[in-house]
Amino acid sequence: MADGESNGLHLELAPFGLEHIYDYEPDGHHPVHLGDVYGNNARYRVIHKLGSGGFATVWLCRDTEAKGATKYVALKILMAETSSDDCPELRVNQLKDAHSQHANEDNGVVFICLPLDHFKIHGPNGDHISFVYPVLGPNVSLSLFRASADPDNDLRSLGLQVSKAVKFLHRQGICHGDITPNNVLHRTTGLDGLNEDEVLKILGSPVVNTVLNASQERHHGSTAPDYLVYPVNWCDVGTQFISKESCLIDFGESFEISQPPDDLGIPGPYRSPELILDKKASFGSDIWALGCSLFEIRTGRKLFSPFEDEDSEYLDAFVQVLGRLPEPWWSTTWEDRRRRYKDEVDEQGLVVAALASEPGNDDQGKKERTVHPSVAANARSLKDKIAPGLWYMSGRRPNGDRHRDISQTEQKVFAELLRRLLEYKPEARISTEDAINHEWFRL
Ligand SMILES: Nc1ncnc2c1ncn2[C@@H]1O[C@H](COP(=O)(O)OP(=O)(O)OP(=O)(O)O)[C@@H](O)[C@H]1O
């Protein structure tokens, strides 16, 4: 029941899907309650929660100054400690300017979530930079699969939209730094113009989780809210409100190409080899993450998802599918390699396990053949990885998994695109400019 003890507070109900209660302290999250108002002239009134991440909470608000029809917006409130005047998320303002200069071009900016407004909130935990964004829906997920008459085409189209968004960013000299399917959300449609009751009927009424102190009583401090709010559950929202158009969010890891950071907070499955081995971030690391994301969008599965979330396990997963790493990574930089793999590859160019018990060894492979068919456990190429097709796992309903084959032709063409996005050396990877002209997007 308890969810973090550091500020002495805990939650009455399960903490799943909620921000950490211990992040409600000085420099942390701003405490928000339903009905609160923010912005100039108290313009934005909170009516629901849309989500939270490691650095922010995101709220559904009614824009009370909208003329004519009702209008809803998403209010993203950054933690105070990430609200510096040079915080990466402010880069979206720069993109907004670039957008107004190139408004009429088909340049991918429509697939980037640009702010409508921004301001600071002064609260008990500090000053919080806050952005007003359009209200977006779920990340690329079952929703589309549920609704689509032609999921193959729709998923490729989503892939093209993300690629175009990244192309636009790179043209502006900006790397996103955190390209993952979690940061690609569907746009919503049909909410503006409805009254608040109607919107809550569609999205579900907010459910709250009371914050308690060590004596199991409601707390009375100012740094935490009285309750946390569970976010909208998009699985229960009618697909007619979820558009087939997508939008890239979260610029919290973004950087100018001229000033790359020493590392990125991007999750393991999307980290490129040069990020892991040389701590180098560049356009190339975005392209690698785009390749992993396109695979996941199209197949519903992660391309690289070792059992343990550790660098060496990811490198292992790469060489199983993509072959030996180039030098000096293979012989020098990846210290654990010699323990795992022989120096030489086999006659087909595949890596050879050094020990009988290591991944890549056939005996190990045989044991793994009993796993779920969506897991291409013995895949030794990108085509092998794609071969199990599109899978959506439903943790919610028994037998709720959904499957769809991917044609042999598409497997071959898609593997060819991924191979070019996932070249080991970042400078050898295809640019987004060339990627969007690839045959896969025209199937
Ligand atoms: N404009 C939006 N409309 C609807 N929901 C949104 C919007 N922006 C963000 N969200 C939801 O809020 C969650 C957190 O947002 P975001 O990823 O931008 O926060 P963060 O703290 O910067 O994230 P992270 O820890 O993932 O880097 C998202 O995963 C998404 O579910």
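Residues numbered from 1 in each chain as written. Predicted model: local features only at pLDDT ≥ 70, side-chain atom pairs only at ≥ 80, totals over all residues. Heavy atoms only, no water.

Some words on the site of the ligand
In step 1: Not every one of the 19 residues close to the ligand is listed here, only the nearest: Gly54, Phe55, Lys76, Leu136 and Asp250.
In step 2: A distance of 2.9 Å separates a nitrogen atom of the ligand from a polar atom in the backbone of leucine 136.
In step 3: For the ligand, an oxygen atom lies 2.8 Å from a polar atom in the side chain of aspartate 250.
In step 4: Relative to its unbound accessible surface of 610 Å², the ligand loses 82% to contact with the protein.
In step 5: The dominant element in the shell around the ligand, judged by the number of residues it contributes, is strand E3 (residues 44-52), at three residues.
In step 6: Here the residues of the shell around the ligand are counted per class, giving 11 nonpolar, five polar and three charged. (Near = heavy atom within 4 Å. Polar contact = N/O pair within 3.5 Å; in protein donor to acceptor, adjacent residues only side chain to side chain. Areas by Shrake-Rupley, 256 points an atom, 1.4 Å probe, with all protein chains shown as cover. Helix = DSSP H or I, 4+ residues; strand = E, 2+ residues; numbered from the N terminus. Nonpolar A, V, L, I, M, F, W, Y, C, P; charged D, E, K, R; others polar.)

Overview of the pairing of strand E11 (residues 208-212)
In step 1: Summarising burial for E11: four of the five residues are buried, a large majority.
In step 2: When strand E1 (residues 10-11) meets E11, the two strands line up antiparallel, connected through two bridges. Paired with histidine 10 across the strands is leucine 212, a residue of E11.
In step 3: Judged from the three bridges that link them, E11 and strand E12 (residues 227-229) form a sheet pairing that is antiparallel. Paired with asparagine 209 across the strands is leucine 228, a residue of E12. (Buried < 20%, exposed > 50% of the residue type's maximum accessible area, 1.4 Å probe, protein only. Pairing = 2+ DSSP bridges.)

Points about the confidence of the model for the chain
In step 1: For the chain, per-residue confidence averages 91 on the pLDDT scale, and residues scoring 70 or more make up 91% of the total.
In step 2: Within the model, the stretch residues 1-5 combines pLDDT values under 50 with 16 contacts to residues more than four positions away or in other chains. (pLDDT = per-residue confidence, 0-100. Contact = heavy atoms within 4.5 Å.)

With respect to the nonpolar core
In step 1: Among the nonpolar cores identified, the biggest contains 96 residues, and Phe304, Leu325, Leu418 and Leu421 are the most heavily contacted of them.
In step 2: By residue number, the principal contributor to this core is helix H6 (residues 283-299), which donates eight residues.
In step 3: Ignoring sequence-local partners within four residues, the contact set of phenylalanine 304 consists of Pro269, Trp288, Cys292, Tyr314, Ala317, Phe318, Val321 and Leu322. (Core = buried A, V, L, I, M, F, W, Y, C linked by side-chain atoms within 4.5 Å.)

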